[in-house]
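Architecture and fold: a report
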Amino acid sequence: IRELYPEDVFHYAEKLTDGELEVLQHVRQIIENDIRPVVTDHWERGKFPFEAFYKLKEAGIMNSPKLFEGRDEKWKASEMYNAFLYYELARFDASIATFYTVHGGLGYNTILIGGSEEQKQEFATKVRNFEWQTCFALTEPDHGSDIAGGLATTAERKGDKWILNGEKRWIGGADTADIVPVFARDVEDGKIKCFIVRKGTPGYNAVPIPNKISLRMVQNGHITLENVEVPEADRLPNINGFRSVNEIFIHTRADVAHIANGVTAGAFVAALRNTSEREQFDRKLAGFQLVQEKLARMQSNATAALGYSVRIAELMENGEYEMFNSSLAKMHNSLRMRETVALAREVTGGNGITLESDVARFFADAEAIYTYEGTHEINALLVGREITGIGAFV
Ligand code: FAD
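All residue numbers refer to position in the chain's written sequence, counted from 1. Predicted model: local features are reported for residues with pLDDT of at least 70 only, side-chain atom pairs are reported and counted for 80 or more only, and whole-chain, interface and lining totals are derived from all residues.

An unreviewed UniProt entry annotates the chain as Glutaryl-CoA dehydrogenase originating from Aerococcus agrisoli. Quoted verbatim from the Sequence similarities (unreviewed entry) heading of the UniProt record, the comment on the chain is "Belongs to the acyl-CoA dehydrogenase family." UniProt positions are given in the numbering used here, feature names are shortened, and annotations may be inferred rather than shown by experiment.

Below is the structure:
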């Protein structure tokens, strides 16, 4: 374990089971053999490396029996494994981890939390096998941070069908997804409900947002819904109001805390490697006091962020977590990530702005993570409300 994560100086990874560790080692092999060789080219071209990514199927990252040994829960592996899976993916690349969180985090949790037993059997089984790609369509062009109150996409019931109208923006993987959970407001009772829109449904259109400077490999879709018909059988019955959406966010905000933590570690490891190799003034960069102070700060950020992730995983596993925990972790880990990627880029000098150094990718990609899944400010306001008892959103 210590070879897999040398930066984990408090040895948190020892909390993983042997089976979980085996899966993560397999993931590492696939990353190094199949994904790393194609990542720079795809980042530059703004394309997602689907073929290489789907090699992760071979490791059974969502459904390997090794993850379920001794567990009663059949749909989800342990929270500790979940934290380390995101850590492993993001430590290598933020777009790969983000694509996975949209599919295996946001989309999958929406089905598990919102779906009936039959829907879970149909949708969740195919999602965890990577037979079907899914995503999560909540944000709209005019409503981001204020989506809870502002959500404007409508759903109107007509017999055993629903008619959806509206627009969604920033939806990761929307242009390629097989099933898209779309959140819309019921025109009758005003409550937010969730509908599974299947690929090819007339009136559904998703166009990737062009010219992004962050997470270039992930396609974020602008969706238009024009009289899209969804059968009542494809409405997720347990999503009723924004409270249910928050139940999903409790999980997925923690997932993003794990991603931020992985990016922090990845940037630190790359910075340590780069400064240990390059010499100036006849000495390794890593041997200068000013550089060591920065490396030490990165190490401490990585250690603190991993501590947050691991404790969140433990609380979740025990059913003791709340939105406050997830918001605090997302806020903390994203702040530490943003500082660390800047330090890593700084100590890598001019090479730090080319994709070859690794740190340039982390530096650019961190900006999107800082914003999605609740911006820094929104998570700070959630934490602020909890500690003061005063809501300060408006
Ligand atoms: P705005 O809400 O317009 O905020 C702009 C700024 O104002 C931010 O700094 C914000 O913190 C600040 N602000 C807003 N309100 C307040 C306030 N009350 N007090 C103080 N400051 C405030 N959404 C999905 O549904 N599915 C996805 O798959 C998805 N993927 C994404 C991927 C990427 C790369 C990005 C960038 C976004 C993604 N999103 C997705 C949307 C994301 O959740 C939103 O971008 C986010 O919620 C912020 O909304 P906004 O961009 O509209 O910013």
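Focus on the overall build of the chain
Under the scheme used here, helices are H or I runs from DSSP no shorter than 4 residues and strands are E runs no shorter than 2 residues, and both carry numbers assigned from the N terminus. Summing up its helical and strand segments, the chain has 11 helices and 9 strands in all. By the compact-globule yardstick of 21 Å for 394 residues, the chain fits well, its C-alpha radius of gyration being 21 Å. Along the first, second and third principal axes, the C-alpha set of the chain runs to 75 × 45 × 45 Å. With C-beta atoms placed from the backbone, the exposure class of a residue follows from how many other C-beta atoms lie within 10 Å of its own: 20 or more, buried; 12 or fewer, exposed; in between, partly exposed. Every one of the 394 residues in the chain was classed for burial, and the buried ones make up 49%. Long-range contacts, defined as pairs at least 24 residues apart, comprise 74% of the intrachain contacts of the chain with a sequence gap of at least 6. We compute the radius of gyration from the C-alpha atoms alone; for a globule the expected value is 2.2 Å times N to the 0.38, where N is the number of residues. The contact criterion used here is simple: two residues whose C-beta atoms, placed from the backbone, lie within 7 Å are in contact.

Thoughts on the sheet that holds strand E7 (residues 235–236)
Strands sit in the order E5-E6-E2-E1-E3-E4-E7 across an open sheet of 7 strands; the sheet is mixed. Whereas interior strands pair on both sides, the edge strands pair on one side only; in this sheet they are strand E5 (204–208) and E7. One ladder, built from 2 bridges, connects strand E1 (residues 154–158) with strand E3 (residues 179–186); its direction is parallel. The partner of Thr154 across the bridge, within E3, is Arg185. The axes used here are C-alpha line fits, helices contributing only the stretch in contact, and every angle between their N-to-C directions lies in the interval 0 to 180 degrees. Where helix H4 (residues 94–114) meets the sheet, it contacts strand E2 (161–172), E3, strand E4 (192–198) and E7, and its direction lies at approximately 150 degrees from that of E2. Being paired, for any two strands, means DSSP has found at least two bridges between them.

Things to note about helix H9 (residues 323–347)
By this rule the span expected of a helix is its residue count minus one, scaled by 1.5 Å. Over its 25 residues, H9 extends 36 Å from the first C-alpha to the last, a length consistent with the 36 Å expected when each residue adds 1.5 Å. The buried fraction of H9 amounts to 19 of the 25 residues, a majority that puts the element mostly inside the structure. Of the residues flanking the end of H9, it is Gly349, one or two places downstream, whose phi is positive at about 60 degrees.

Some words on the environment of Met217
On the secondary structure map, Met217 appears in the loop between E5 and strand E6 (220–231). Put simply, Met217 and Lys55 are 162 residues apart on the chain and 17 Å apart in space, counted from C-alpha to C-alpha. Look past the residues within four positions of Met217 in its chain and what remains in contact with it is His42, Trp43, Lys47, Phe48, Pro49 and Ser95.

Observations regarding the packing of helix H7 (residues 242–277) against H9
The description of two packed helices rests on the angle between their axes and on the distance between the axes. Running from amino to carboxyl end, H7 crosses H9 at an angle of 20 degrees, the nearest separation of the two axes being 8 Å. If you check the angle between H7 and H9, you find them roughly parallel. Here H7 and H9 pass one another in a crossing that is left-handed. Gly is placed with the polar residues, together with every amino acid not listed as nonpolar (Ala, Val, Leu, Ile, Met, Phe, Trp, Tyr, Cys and Pro) or charged (Asp, Glu, Lys and Arg). Of the residues that constitute the contact of H7 with H9, the class distribution is 18 nonpolar, 9 polar and 3 charged. Note that the term roughly parallel is reserved for angles under 35 degrees, roughly antiparallel for angles over 145, roughly perpendicular for angles of 65 to 115, and oblique for everything else. Crossing chirality is assigned from the near helix's rotation relative to the far helix, an anticlockwise turn below a right angle marking it left-handed and a clockwise turn marking it right-handed.

Topic: H7
Here H7 is 36 residues long and its end C-alpha atoms lie 51 Å apart, about the 52 Å a rise of 1.5 Å per residue gives. Bend, in this description, refers to the angle at a residue between axes fitted to the seven residues ending there and the seven starting there. By the largest-angle criterion, Phe249 marks the main kink of H7, which is about 30 degrees. Counting buried residues along H7, 26 of its 36 residues qualify, which places the element largely inside the surrounding structure.

Things to note about the nonpolar core
The nonpolar core is taken to be a set of buried Ala, Val, Leu, Ile, Met, Phe, Trp, Tyr and Cys residues joined by way of C-beta atoms within 7 Å. Ranked by internal contacts, the top residues of the largest apolar core, which has 118 residues, are Ala137, Val182, Phe195, Val263, Ala271, Ala344 and Ile369. Among the elements that line this core, the one with the most residues is H7, at 15 residues.

What about the site of the ligand?
Contacts to the ligand come from 21 residues, most closely from Thr139, Gly144, Ser145, Thr375 and Glu377. Taken together, the residues of the shell around the ligand break down into 12 nonpolar, 7 polar and 2 charged. Near residues are defined by distance alone, with the backbone-placed C-beta atom required to lie within 6 Å of the molecule or strand.

What about the UniProt feature "domain: Acyl-CoA dehydrogenase/oxidase C-terminal" (unreviewed entry) in the chain?
Following the UniProt record, one finds the feature "domain: Acyl-CoA dehydrogenase/oxidase C-terminal" (unreviewed entry) at residues 240–387. Between the first and last C-alpha atoms of residues 240–387 the distance is 28 Å; the span itself is 78% helix and 3% strand.

Focus: the UniProt feature "domain: Acyl-CoA oxidase/dehydrogenase middle" (unreviewed entry) in the chain
Sequence positions flagged by UniProt for "domain: Acyl-CoA oxidase/dehydrogenase middle" (unreviewed entry) are, in local numbering, residues 135–228. Here residues 135–228 runs as 4% helix and 49% strand, with 17 Å between its end C-alpha atoms.

A short note on the packing of helix H3 (residues 79–92) against H7
At a minimum axis distance of 7 Å, the contact between H3 and H7 shows a crossing angle of 40 degrees. As judged from the angle between their axes, H3 and H7 are oblique. Judged by the twist between their axes, the crossing of H3 over H7 is right-handed. In this structure, H3 contributes Ala83, Tyr86, Tyr87, Glu88, Leu89, Ala90, Arg91 and Phe92 to the contact, and H7 contributes Asp255, His258, Ile259, Asn261, Gly262, Val263, Ala265 and Gly266.

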